[in-house]
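Coordinate analysis (summary)
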Amino acid sequence: MASPAEAALTFSLEPNPAPASDATRAAVLANPGFGTHFTDHMVTIDWSEGTGWHDAKVSAYAPIPLDPAAAVLHYAQEIFEGLKAYKQADGSISLFRPDANAERFNQSATRLAMPTLPESLFIEAIEKLVELDKAWIPDAEGASLYLRPFMIATEAFLGVRPAKTYKFILIASPAGNYFKSGAPAVSIWVSDHTRAAPGGTGAAKCGGNYAASLVPQGEALARGHDQVVFLDAAEHKWIEELGGMNLFYVFDDGTILTPALTGTILPGITRRSLIALLREEGLTVNEGRYSLDQWREDATSGKLVETFACGTAAVVTAVGKVAGNDGEFTIGSGGPGQLTEKVKARLVAIQRGQAEDTHGWVRKIA
């Protein structure tokens, strides 16, 4: 719960004195890519022991002054989130389930021994940045403004304990297609590396989890694949998730399976949303274990008709081929299946205001 001082926290505004020109911004928006260009402003909020959250500020996007002994650089006290701002059909701007991102952000904070951020501050920070930099939202179909809230430990010390000072930062980046190949279905490589173990930080959105995925992701790309899929740490048998996306399996009897949240898998907000939408269609969605051997067998026999991955950045993406040291197999025709396309279209339509939002997921902000 926020303290009275935190609840009354007011954001100061220091406009960027040298924002990008209209021509520069237009050139970026014509081909934004993913995560390579940033808007004119950012948000920062500081936290210190005894004071709590304070000094909320919207200012020019700029480097962060950081002491070489800052705890984040040595003990990786860092967490982040990812969500998007969309242009709606009526010209307004909206967010999709920012309250769920705020909730997950605080779950990650708790796991990393960091202070939680009041949901109201999390959402207000996003609204202020988006309203100020809304000209950076691309018009192209499928494009959006990707938002990256994160928190780092800033106290300068080398002892192994939770830091006593932190900084919350929010930046924004115009985003196009996440996968550079642009293929209708991605190819994934089964990694021999482990992403997370029981009792670890697999369910937290912290940088260390992603650092551990970089070598296997590089191996996948070197072999001509788009993504890497991880198996469980104990038996190296059960499918968990991709480098940054959850998985769904569609069977010929109409049932759907997604790996259960066991503490080693990130609880995706897109995953949660798709489960709700699929069940609304009258489909049976199970959460459980699914082995690599069973995946191969079901795909080969035709029992498995579709596999798709989901996440904030790529939304919903069909998986067409799976390869590993034991060979490879194709799912269905190797392209996107009917259900994959249908559920993606429905989710995107809700996010962009083209379909009724019966869940209250869409939050209009401008």
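For the structure, check the block above.
Residues numbered from 1 in each chain as written. Predicted model: local features only at pLDDT ≥ 70, side-chain atom pairs only at ≥ 80, totals over all residues. Heavy atoms only, no water.

Examining the overall build of the protein chain
Scanning the protein chain from N- to C-terminus turns up ten helices and 18 strands. Taken against the 2.2 N^0.38 rule, which gives 21 Å for 366 residues, the C-alpha radius of gyration of the protein chain at 21 Å falls within 12% of a compact globule. Across its three principal directions, the C-alpha atoms of the protein chain cover 60 × 50 × 35 Å. In the protein chain, which comprises 366 residues, the proportion classed as buried is 52%. The contacts of the protein chain with a sequence gap of at least 6 include a subset with a gap of at least 24, amounting to 72%. Of the roughly 15900 Å² that the protein chain leaves accessible, carbon and sulfur atoms contribute 52%. (Helix = DSSP H or I, 4+ residues; strand = E, 2+ residues; numbered from the N terminus. Rg over C-alpha atoms; globule rule 2.2 N^0.38 Å. Buried < 20%, exposed > 50% of the residue type's maximum accessible area, 1.4 Å probe, protein only. Contact = heavy atoms within 4.5 Å. Areas by Shrake-Rupley, 256 points an atom, 1.4 Å probe, with all protein chains shown as cover.)

Notes on the pairing of strand E9 (residues 185-190)
Burial within E9 is extensive, with six of its six residues counted as buried. Because side chains alternate across E9, one face comprises the buried residues Ala185, Ser187 and Trp189, and the other comprises Val186, Ile188 and Val190, equally buried. Where E9 lies against strand E16 (residues 315-324), five bridges are found, and the strand directions are parallel. Bridge pairing links Ala185 to Ala318 in E16. Sheet topology note: the E9/strand E10 (residues 227-231) ladder contains three bridges and is parallel. (Pairing = 2+ DSSP bridges.)

Quick look at the side chain of Asp298
Along the chain, Asp298 falls in helix H9 (residues 292-301). A polar contact of 2.7 Å, which involves the side chain of Asp298, links it to the side chain of Tyr290. Non-local contacts of Asp298, meaning those with residues more than four positions away in its chain, are made with Phe251, Tyr290, Lys303 and Leu304. (Polar contact = N/O pair within 3.5 Å; in protein donor to acceptor, adjacent residues only side chain to side chain.)

Topic: the pairing of strand E13 (residues 256-259)
The side-chain alternation of E13 yields two buried faces, one formed by Ile256 and Thr258 and the other by Leu257 and Pro259. Inspection of the sheet shows strand E12 (residues 246-251) paired to E13 by two bridges, in the antiparallel sense. Each residue of the ladder has a partner; that of Val250, found in E13, is Ile256. Where E12 hands over to E13, the hairpin turn is made up of four residues, of which Gly254 adopts a positive phi near 90°. The parallel pair E13 and strand E14 (residues 285-288) is bridged by helix H8 (residues 269-280), and the resulting crossover is right-handed. (Right-handed = clockwise from strand over helix to strand, strands pointing away.)

Describing the side chain of Asp232
If you trace the backbone, Asp232 turns up in the loop between E10 and strand E11 (239-242). The buried charged residue Asp232 lacks any salt bridge partner; its closest oppositely charged side chain belongs to Arg289, at an N-O distance of 6.2 Å. One polar contact links the side chain of Asp232 to the main-chain amide nitrogen of Lys237, over a distance of 2.7 Å. In this structure Asp232 touches Lys237, Trp238 and Glu240, once residues within four positions along its chain are discounted. (Lys, Arg positive; Asp, Glu negative; His and termini not counted. Salt bridge = Lys/Arg side-chain N within 4 Å of Asp/Glu carboxyl O.)

Overview of helix H7 (residues 214-222)
Buried residues of H7: Pro216, Gln217 and Ala220, and no others. Taken around the axis of H7, the buried residues stretch over an arc of 100°, which confines them to a single face. Of the residues in H7, the exposed ones pointing more than 90 degrees away from the buried face are Leu214, Val215 and Ala222. Taken together, the buried residues of H7 touch E9 and E10. Looking one or two residues beyond H7, the residue adopting positive phi is Gly224, at roughly 90°. (Arc of directions from axis to C-beta.)

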